[in-house]
Amino acid sequence: MAAVQFKAVTKTFDTTVVDKMDLQAREGEFVVLVGPSGCGKSTSLRMLAGLETVTDGSIHIGDRDVTALHPKDRGVAMVFQDYALYPHLTVEENISLGLKVRKLDPAEITERVASAAKVLELEKFLSKKPGQLSGGQRQRVAMGRAIVKRPEVYLFDEPLSNLDAKLRAQLRIEITRLHRRMKKTVFYVTHDQVEAMTLADTIAVMNEGKIQQVGPPMELYRHPKNRFVASFIGTPQMNFLDAELDGLTLKTKIFSLRIPDGLATEFTDFPKHFTLGCRPHDISRAAAGAGTAAMSADMVEQRGAESFLHCVQDGVSIVARCEPEDAPSPGENIHLRFNLARFHYFDSETNERLVAR
Amino acid sequence: MTRGRGLLYLLLGIYAALTLGPFLWSLSASFKTVEAVSAWPPTLIPRPFTLENYTYLLEKLPFLRWMFNSLVIAGIVTVANVFLNAMAGYALARLRFPGRKVLFWIIIGTMMIPGQVVIIPVFILLSKLGWIDSYAALTIPFLTSAFGVFMYRQFFLGVPKSLEEAAMLDGMGPFQTFFRIILPLAKPVMAAQAIFMFLGSWNGFMWPAMLLSTPAMYTLPVGLSSFQGQYYTLWNLVMAGTMFVTAPVVVVFIIFQRYFIQGVSTTGIK
């Protein structure tokens, strides 16, 4: 059993970096910790690795409390952002050193290195030094060093952030494949929400040392628990508008919509003023009419398959998605229709979600 | 060839002549007789050519003994400095302990005290220890150097921390991490220090002259100075002796010059 559990883990340097964090991972689960820089995600991972001490609380791997254990005794292997390969050793020595230190049988070491090299397609590079390899190859060596240890838990600390976009996409797929093959628990830290969405079984969004929400990627996307998660997951970012209820009419600065009778019950406990969230993908161009917003197209962001319109009106900025062939020219006056069925509502004070769905 | 290039070669040529000239003259003088050395105008080719200076040094004087003394002292000082400075530099760069900053500045501060100022207290201290006229006097006080510690510290500050963390996860303790991962990275610094320290000790004159008194304990430079007389100096003999002092240094430098230059430039950055 290699489930991982953080129990009320707190880490304090000068300030509290991680605050009473509770998080569980099932055996074999791919957990991605995601959040802006300084949110405590890396510190959490490093505490799990044993590279940072825990100020308060405990960390468990399987049924062992590893809080006070030395990193080498935790059954974890880590892949670092800067690869952390030993520059003076060959690829083969880099991969095998950890096993040699543990005094494994040499035949066993050779076999493990060979099989890792095969999986990661590193056979050609075994006698090279890290300095002779490209970034992507180096990161594969770093993964090889982790794999040969046959750890119970893999830790990745922003492993792809030093690579270019193409390699990143490629290695993302390789990591997913590797995980499927190894069936081991993975903790993966990134600030990139696309990476989080594509890799994770479960995403834990962190901000200011606290876990904001834990769940499968699509759940976080569809039902963000608070405004922070809503804004962090999904690109372009969700639009937020100040809104108020007037009877059964939803009013914002740029449009008003009548709430269908069937949905009315959802709004019974609403405060008068609140924040409305709507993803760019739930806004479209429309002909002028009731419920649409008249806006001025400020800028068009072409992505190839789709376009994003940056619109302004009365001091409100909105990003909306449209088909490239429908894209207006900058400065053009257009109308946008907002999909009420996909709205998210947040308390303006607490930023918490208003309708539990 | 452009004009700038020509000028460059001219300047380098002049510099080379200024550097090489005295060396070539010494080499030539070491094969000359007493009369030929003081002849005017001086000649570069020794005529008559003689090996007598060398045989005299080897047969009549304890020259091999001096060479042995020099080698032992410089050897111990070099090896000790290369390792001890590395350990101290690593500790100052990476370990967290109370007073490490103060300690570092104290070490740096010692570089600002000229050796001449401490001659008397050091002499008194060593004589109370009974070390005067022994290898101990010329090795133990010189086992580490502030500059060496500083040089290593600066280098280790630039080594990414994740390397040590990776080593930790690989199951290495602090000593294994240091000797298997960190120290091998510092090879250029080690080579540079080996040369610095060897040269410093091998060529050292002030301390050996102060701390040694019996001819059997002399190092080469001290022994060499002993045949500079009050009224006249046998330059041919002195120059033959100088060749003994210089030759090993030249050999060491040729072998290590690649690292040497690397090591010096390492101290410059960061």
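Position numbers for residues start from 1 in each chain and track the written sequence from start to end. To label them, take the chains in the order written and letter them from A, then take the ligands in the order written and number them from 1. Since the coordinates come from a predicted model, pLDDT governs what is reported: local features require at least 70, and pairs of side-chain atoms require 80 or more to be given and counted, while whole-chain, interface and lining totals use all residues. The basis for every side-chain value is the complete set of non-hydrogen atoms in the structure, without hydrogens or water.

**A short note on the overall build of chain B**
Going along the chain from the N terminus, every DSSP run of H or I of four or more residues is numbered as a helix, and every run of E of two or more is numbered as a strand. Secondary structure summary: chain B contains 14 helices and zero strands in total. Written out in order from the N terminus, the α and β elements of chain B read α-α-α-α-α-α-α-α-α-α-α-α-α-α. When the backbone C-alpha atoms are referred to their principal axes, chain B occupies close to 70 × 65 × 35 Å. Burial statistics for chain B: of 270 residues in total, 40% are counted as buried. By definition, residues are in contact when any of their heavy atoms lie within 4.5 Å. A separation of at least 24 residues holds for 74% of the contacts in chain B among residues at least 6 apart in sequence. Note on classification: 1.4 Å probe, protein chains only; a residue is buried when its accessible area is under 20% of the maximum for its type, exposed when over 50%, partly exposed between these limits.

**Comments concerning the pairing of strand β9 (residues 202-207) of chain A**
Residues and elements named next belong to chain A. Within β9, six of the six residues are buried, which leaves it mostly tucked inside the rest of the structure. Where burial is concerned, the two faces of β9 agree: the one with Thr202, Ala204 and Met206 and the one with Ile203, Val205 and Asn207 are both buried. Only when DSSP finds a minimum of two bridges between them are two strands counted as paired. Relative to β9, strand β3 (residues 30-34) is paired through four bridges, and the arrangement is parallel. In the sheet register, Val31 faces β9, and the bridge partner there is Thr202.

**Considering the interface of chain A and chain B**
The interface is formed by 22 residues belonging to chain A together with 16 residues belonging to chain B. Once two parts are joined, some of their accessible surface, as seen by a 1.4 Å probe, is lost; buried area is that loss totalled over both. Together, the buried faces of chain A and chain B total about 1700 Å²; carbon and sulfur atoms form 64% of this surface. When the buried area of chain A at its contact with chain B is split by residue, Tyr86(A), His88(A) and Val101(A) rank highest and sum to 32% of it. By convention in these notes, a salt bridge is any Lys or Arg side-chain nitrogen within 4 Å of a carboxyl oxygen on Asp or Glu. At the boundary of chain A and chain B, one finds two salt bridges.

**Here we look at the domain arrangement of chain B**
Residues and elements named next belong to chain B. When its domains are assigned, chain B resolves into domain 1 (1-50) and domain 2 (60-266). All the domain ranges listed were derived from an automatic or database domain assignment. In this structure, domain 1 and domain 2 have C-alpha centres spaced 32 Å apart. Domain 1 puts 10 residues into the contact, and the matching count from domain 2 is seven residues. Together domain 1 and domain 2 conceal approximately 660 Å² of surface at their shared face, both sides included; 83% is due to carbon and sulfur atoms. Think of a polar contact as two N or O atoms within 3.5 Å of one another; within protein, one of them needs to be a possible hydrogen donor and the other a possible acceptor, and neighboring residues in sequence only count if both atoms come from side chains. Counting across the domain 1 and domain 2 interface gives zero residue pairs in polar contact (both at pLDDT 80 or more). Elements supplying a minimum of two residues to the side of domain 1 that touches domain 2: α1 (3-29) and α2 (34-37). If you tally residues by element for the side of domain 1 that touches domain 2, the top one is α1, at five residues.

**Quick word on the packing of helix α10 (residues 174-185) of chain B against helix α11 (residues 187-203) of chain B**
Residues and elements named next belong to chain B. Viewed as axis vectors pointing N to C, α10 and α11 meet at an angle of 70°, and their least axial separation amounts to 5 Å. The orientation of α10 relative to α11 falls into the category roughly perpendicular. Along the contact surface, α10 presents Leu183, Pro184 and Leu185, while α11 presents Lys187, Pro188 and Met190. Charged residues are taken to be Asp, Glu, Lys and Arg, nonpolar residues to be Ala, Val, Leu, Ile, Met, Phe, Trp, Tyr, Cys and Pro, and polar residues to be all remaining types, Gly included. Classifying every residue of the contact of α10 with α11 gives five nonpolar, no polar and one charged. The convention used is that axes are lines fitted to C-alpha atoms, helices contributing only their stretch in contact, and that angles between N-to-C directions extend from 0 to 180 degrees. For classification purposes, angles smaller than 35 degrees are called roughly parallel, those larger than 145 roughly antiparallel, those between 65 and 115 roughly perpendicular, and all remaining angles oblique.

**As for the side chain of Arg353(A)**
Residue and element names in this part refer to chain A. Looking at where Arg353 falls in the secondary structure, it is placed in the segment after β20 (344-346). Only four residue types enter the tally: Lys and Arg on the positive side, Asp and Glu on the negative side; His and the chain ends are excluded. For the buried Arg353, no salt bridge is present, and the opposite-charge side chain at shortest range is Glu266, 7.9 Å distant. At a separation of 2.8 Å, a polar atom in the side chain of Arg353 contacts the main-chain carbonyl oxygen of Pro224. Setting aside residues up to four positions removed in sequence, Arg353 forms contacts with Arg222, His223, Pro224, Lys225, Asn226, His344, Tyr345 and Phe346.

**Quick word on the sheet that holds strand β6 (residues 76-79) of chain A**
Residue and element names in this part refer to chain A. Taken together, the six strands give an open sheet; going across it, the order is β6-β7-β8-β3-β9-β10, and neighbouring strands pair in mixed fashion. The sheet is open, and its two borders are formed by β6 and β10 (210-215), each paired with just one other strand. With strand direction ignored, the average angle separating the axes of adjacent strands in the sheet is 20°. Relative to strand β8 (residues 185-190), β3 runs parallel, the two sharing five bridges. Paired with Val31 across the bridge in β8 is Phe187. Along the sheet face, helix α4 (residues 135-147) touches β6 and β7 (153-157) and points at about 175° away from the line of β6.

**Points about a nonpolar patch on the surface**
Residues and elements named next belong to chain B. For patches, a residue must show more than 30% relative accessible area and have no salt bridge; joins then use 9 Å for like charges and 5 Å for nonpolar side chains, namely Val, Leu, Ile, Met, Phe, Trp and Tyr. For every accessible area listed, the method is Shrake-Rupley and the probe measures 1.4 Å; residues are considered covered only by the protein chains on display. The grouping of Leu20, Phe23, Leu24, Leu27, Leu44 and Ile45 at the surface amounts to a nonpolar patch, some 520 Å² of accessible area in total. Of note, Leu27 is situated in helix α1. On the basis of relative accessible area, Leu27 is assigned to the partly exposed category, the value being 32%.

**Observations concerning the pairing of strand β12 (residues 249-252) of chain A**
Residue and element names in this part refer to chain A. Only one face of β12 is covered, namely the face carrying Leu250 and Thr252; the face carrying Thr249 and Lys251 is uncovered. In terms of strand pairing, strand β11 (residues 239-246) meets β12 through four bridges, oriented antiparallel. From the neighbouring strand, Ala243 faces β12, where its bridge partner is Thr252. Bridging between β12 and strand β13 (residues 256-258) involves three bridges; their strand directions are antiparallel. Each bridged residue has a counterpart across the sheet, and for Lys251 the counterpart in β13 is Ser256.

**A closer look at unusual backbone geometry**
Residues and elements named next belong to chain A. Here Thr235 and Pro236 are connected by a cis peptide whose omega angle stands at -15°. Residues other than glycine seldom take positive phi values, yet Tyr83 does so here, at roughly 70°. Checked against the element boundaries, Tyr83 lands in the loop between β6 and α2 (91-101). Of the residues examined, Tyr83 reaches a relative accessible area of 9% and is grouped as buried.

**Some words on the packing of helix α4 (residues 63-94) of chain B against α10(B)**
Packed helices, taken two at a time, are described by the angle between their axes plus the distance between the axes. All names here are of chain B. Packing of α4 against α10 brings their axes to within 12 Å, and their N-to-C directions diverge by 95°. Looking at the two axes, α4 sits roughly perpendicular to α10. Mapping the contact onto sequence places Phe83, Ala86, Met87 and Tyr90 in α4 and Phe178, Phe179, Ile182 and Leu183 in α10. Here the contact of α4 with α10 is built from residues that sort into eight nonpolar, no polar and no charged.

**What to know about the sheet that holds strand β5 (residues 64-65) of chain A**
Residue and element names in this part refer to chain A. Read from one edge to the other, the open sheet built from four strands follows the order β2-β1-β4-β5, with strand pairing classed as antiparallel. Of all the strands in the sheet, just β2 (16-25) and β5 have a single pairing partner and so form its edges. Of the pairings in the sheet, the one linking strand β1 (residues 4-12) to β2 comprises six bridges and is antiparallel in character. Bridging from a neighbouring strand, Lys11 pairs with Val18 of β2. Set on the sheet, helix α1 (residues 41-49) makes contact with β1, β2 and β4 (56-61); between it and β1 the angle comes to about 115°.

**Brief notes about the side chain of Glu164(B)**
Position of Glu164(B) among the secondary structure elements: in helix α9 (residues 161-169). Apart from the residues within four sequence positions on either side, Glu164(B) is in contact with Tyr90(B), Arg94(B), Thr177(B) and Ile182(B).

**Things to note about helix α8 (residues 146-157) of chain B**
Residues and elements named next belong to chain B. With 12 residues, α8 extends 16 Å between its outermost C-alpha atoms, agreeing within 8% with the 16 Å of an ideal straight helix rising 1.5 Å per residue. Burial runs high along α8: nine of the 12 residues are buried. Taken together, the buried positions of α8 are occupied by Ala146, Gly148, Val149, Met151, Tyr152, Arg153, Gln154, Phe155 and Phe156. How far a helix is expected to stretch is found by multiplying one less than its residue total by 1.5 Å.

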